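Observations on chain architecture
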Amino acid sequence: MQSIPSFFLLLLTLFQNPKSDLQPADYSGGVRLNVTDFGAIGDSTSDNTAPIQQVLDKASPGDTVFIPEGNFLVRTLQLRSGVHLISRGILAHHADAKSGEYSIEKQNSPNPLLKGEGVADIYISIRAKSKNEGIHLTKCQNIRIVNSDLEGDSTKFRAYPGILAFQVSGLDVSSTRIHHFGSGRTETHSYQPGTGIRVLSSNTISIRDSEIFHNGENGIFIHGSRKAEVLNNTIHHNGMSAIQVAFGNSGKENDYNFSGNILDQNAADGIDINNRSPENAKEINTTIAYNLSCDNGFVNGKSTPDGSGFGTLINVSDIVIYRNQAIGNNRPALYIEDCGTLLTKENQADNQVEIVLNLGELRIESSQYSSINLMANAKAKRILVRDSKIGSLSLPNQIEVEQFEVLSSSFSHARFNINMKGNLILRDNDLKNTSDSNVLLLANVDSAVIEDNRIESLKTTAVAIRKPAKNVRLSRNLIRSSGPVIFDEGSPNLLIQDNTIEVIPGGEENLTLKSNFPDRLRLEGNEHLGADGKPTLVFVGKGTATVQEKRIIGTTDFAEVNVIEN
């Protein structure tokens, strides 16, 4: 057993004691300033921009500006360093606030509800309704948004984010609701802007214990940023992914922890980490752990093109995926494309793992999936499946896996079609199949070690080995089928040793083993449990074989094969 790389051990500790490096702003030592004492009126009509801004401007660092009960309309309030803002009433946009027109070129509005530019050390706890951004932060430091409720305009087809952070260092969002920024998605193949939290070119981000829901696009979008944690949130009914990480050109994307979240009924993926770069898979030192992903990838009951459970991973590396659960999502629990090193452990899903293009090393341990599917263009250095419960394994023609190991696992619908370049090890597995397909078909492989497995096929041959499969060894297996239990098409130097090979009555050929034109076949120490007086071990045509068996129930027919017996 290979040891877990040190960075994996480090990542596995993150979700056990998740902590943000952000220091809480000191908002308790200053003066509390009530905006109604300075002329603000919470009457749902008056424009309170000037009086509230006057209080913010006059306050000293450490002071708190307080908004009492009422509905206070403003256009934009400019935040100031060290001046905190708490509302018991509602801050909302006045009719005179300009909406602007969202576009790819213009992704921030002229009138966010709160705007901070180059400010630091601010605590915000507000109730707010915004037709643009709720809070827009640029080049800020140490901003805490706690116990807040930010509501957007659900009638807007193209909406600004609830929180927009650009070049921010130290953003803490906790115990906050962010919702209805943009209209809900109605089409399976199109969506409209409107993100709960949008983080751009920033670092040291913490989003915790919050609810982010019914936004037009993603719940949380992180681009070109590093050191971000998203912990213990409920993110649901958003128009794209619950959490999406995208990559810029800076190369800063690194150090993420997405743990303990409920990702429910979003129209795309639970977690999407997408590095569409021509460079090799980027090492991002990321943990995805203890998330529950349910029913993602649907709009009005119809499937969208997306919808993975706890991970769409594209061109990334150094990721630990631990103890997640995926239920009812429309696409793979885990989609892997052009990735480097991934460790997945103790995950449970009712759908599959899908592997596309290139892969460094993937370890699936103590997990449960409906299937593991390698696409026809997959090339991997190493895949390890250990101590897991899997429905089936799909390996189409012409894949390449330098080392493919399946150990101590069970497959309830085993149909292994091995036609690959590389080396295969199947050891101590339970492989069962009730269909008309072989449990194990070795069509092409550089080497294969099949040992200590329990292999059963109720309707057809359990193990079929074709001539292009080289260096194949079957040892100490219990193999049962309706027969022929093992079918050899002339694989060179095939070794079948110390197996128990049992015929289940009822097949067309009740044979334990049939070999067509054996090519230096070796049978050593096997037990053939056929039927008394009926053929059980049969060779066809010419060839060479060594037969030194322990026990044969039934008769043998070696045709014109040159057989050395003991």
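Residues numbered from 1 in each chain as written. Predicted model: local features only at pLDDT ≥ 70, side-chain atom pairs only at ≥ 80, totals over all residues. Heavy atoms only, no water.

It is worth spelling out the overall build of the protein chain at this point. When helices and strands are tallied, the protein chain shows 2 helices and 58 strands. Once the C-alpha set of the protein chain is aligned to its principal axes, its extents read approximately 105 × 45 × 35 Å. Looking at the protein chain as a whole, 57% of its 566 residues are labelled buried. For the protein chain, the exposed surface amounts to about 22,100 Å²; the carbon and sulfur share of it is 44%. With 54 positive and 65 negative side-chain charges, the protein chain shows a spacing of 2 Å between the two charge centroids. (Helix = DSSP H or I, 4+ residues; strand = E, 2+ residues; numbered from the N terminus. Buried < 20%, exposed > 50% of the residue type's maximum accessible area, 1.4 Å probe, protein only. Areas by Shrake-Rupley, 256 points an atom, 1.4 Å probe, with all protein chains shown as cover. Lys, Arg positive; Asp, Glu negative; His and termini not counted. Charge placed at Lys NZ, Arg CZ, Asp CG, Glu CD.)

So, about unusual backbone geometry. With phi around 55°, N142 is a residue other than glycine that occupies positive phi space. Mapped onto the elements of the fold, N142 is located in strand β10 (residues 141–146). For N142, a relative accessible area of 16% puts it in the buried group. For N493, which is not glycine, the phi torsion reads 60° and is therefore positive.

Another aspect to go through is the pattern of salt bridges. Summed over the entire model, instances satisfying the criterion amount to 21 salt bridges. For E451, the salt bridge identified is with R473, shortest N-O distance 2.9 Å. With E451 in strand β43 (residues 447–451) and R473 in strand β46 (residues 472–475), the pair connects residues that are 22 residues apart, well separated along the chain. Among the residues examined, E451 registers a relative accessible area of 7% and is labelled buried. Note that R476 is salt-bridged to D452, the shortest N-O span being 2.9 Å. Of this pair, R476 sits in the loop between β46 and β47 (478–481) while D452 sits in the loop between β43 and β44 (454–457), and the two are 24 residues apart along the sequence. According to the relative accessible area criterion, R476 is partly exposed, its value standing at 43%. Three or more residues joined by partner-sharing salt bridges are found here, namely R427, E451, D452, R473 and R476. (Salt bridge = Lys/Arg side-chain N within 4 Å of Asp/Glu carboxyl O.)

Let us now look at the side chain of S109. By secondary structure assignment, the location of S109 is in the loop between β6 (84–93) and β7 (114–117). With relative accessibility at 5%, the residue S109 sits in the buried group. Reaching out from S109, the side chain makes a polar contact with the backbone nitrogen of N111 at a distance of 3.4 Å. Within polar-contact distance, the side chain of S109 engages the side chain of E133 at 2.4 Å. Filtering out sequence-adjacent residues up to four positions away, S109 remains in contact with S99, N132, E133 and Y160. (Polar contact = N/O pair within 3.5 Å; in protein donor to acceptor, adjacent residues only side chain to side chain. Contact = heavy atoms within 4.5 Å.)

The subject of this paragraph is the confidence of the model for the protein chain. Per-chain confidence: the protein chain averages 90 in pLDDT, with 94% of residues scoring 70 or above. Confidence drops under a pLDDT of 50 for residues 1–27, and excluding neighbours within four residues, the segment shows 61 contacts in the predicted structure. (pLDDT = per-residue confidence, 0-100.)

As a further point, take helix α2 (residues 49–58). Burial in α2 covers these residues: T49, P51, I52, Q53, V55 and L56. As for α2, its buried residues are in contact with β1 (32–34), β2 (43–47), β3 (64–67), β4 (71–74), β5 (77–78) and β6.

On to the pairing of β7. On β7, burial follows the alternation: L114 and G116 on one face are buried, whereas K115 and E117 on the facing-out side are not. Relative to β7, β5 runs parallel, the two being bridged by 2 bridges. Note on β7: the bridge partner recorded for L77 is L114. Inspection of the sheet shows β7 paired to strand β9 (residues 135–138) by 4 bridges, in the parallel sense. In the sheet register, G116 faces β9, and the bridge partner there is L137. (Pairing = 2+ DSSP bridges.)

Glancing now at the packing of aromatic side chains. Scanning the entire structure with this criterion turns up 4 aromatic pairs. Note on F411 and F416: the rings are 4.9 Å apart at their centroids and 85° apart in plane angle, and the pair reads as edge-to-face. Residue F411 is classed as buried on the basis of its relative accessible area, which comes to 2%. Here F416 falls in the buried class, since its relative accessible area comes to 1%. Over the ring of F66 we find R32, and its NZ or CZ is 3.9 Å from the ring centre. The ring centre of Y335 lies 5.4 Å from the NZ or CZ of R331, which sits over that ring. (Phe/Tyr/Trp six-rings, centres within 6.5 Å; stacked < 30°, edge-to-face > 60°. Lys NZ or Arg CZ within 6 Å of the ring centre and 35° of its normal.)

The residue N203 is located in strand β16 (residues 203–208) in this model. When its relative accessible area of 18% is taken as the criterion, N203 is described as buried. A polar side-chain atom of N203 sits 2.8 Å from a polar atom in the side chain of T204.

Inspection of the secondary structure assignment puts V385 in strand β36 (residues 379–386). Looking at V385, the relative accessible area reads 1%, which means it is buried. Each C-alpha atom of the pair V385 and T344 lies 9.7 Å from the other, and the pair is 41 residues apart in sequence. Other than its neighbours up to four places away in sequence, V385 contacts I364, I372, I390, E405, V406, L407 and S409.

The next thing to look at is the pairing of strand β52 (residues 519–524). Each regular strand carries side chains that alternate between the two faces of the sheet. Bridge count for strand β49 (residues 495–497) against β52 is 3 bridges, and the pairing is parallel. Each residue of the ladder has a partner; that of Q497, found in β52, is E524. Two strands pair when backbone bridges link them, and β52 and strand β55 (residues 544–548) are joined in this way by 5 bridges, in the parallel orientation. Bridge pairing links R522 to T546 in β55.

Tracing the chain through its elements places N417 in strand β40 (residues 416–427). Sequence separation between N417 and S437 is 20 residues, and the spatial gap between their C-alpha atoms is 9.3 Å. Once residues within four sequence positions are removed from consideration, N417 is found in contact with L395, N397, L441 and A443.

Let us look at the environment of G297. Checked against the element boundaries, G297 lands in the loop between β26 (292–294) and β27 (298–299). The sequence separation of G297 and A378 amounts to 81 residues, and the corresponding C-alpha distance is 24 Å. With residues near it in sequence (within four places) discarded, G297 still touches N266, A267, A268, K302, S303, T304, D306, G307 and N330.

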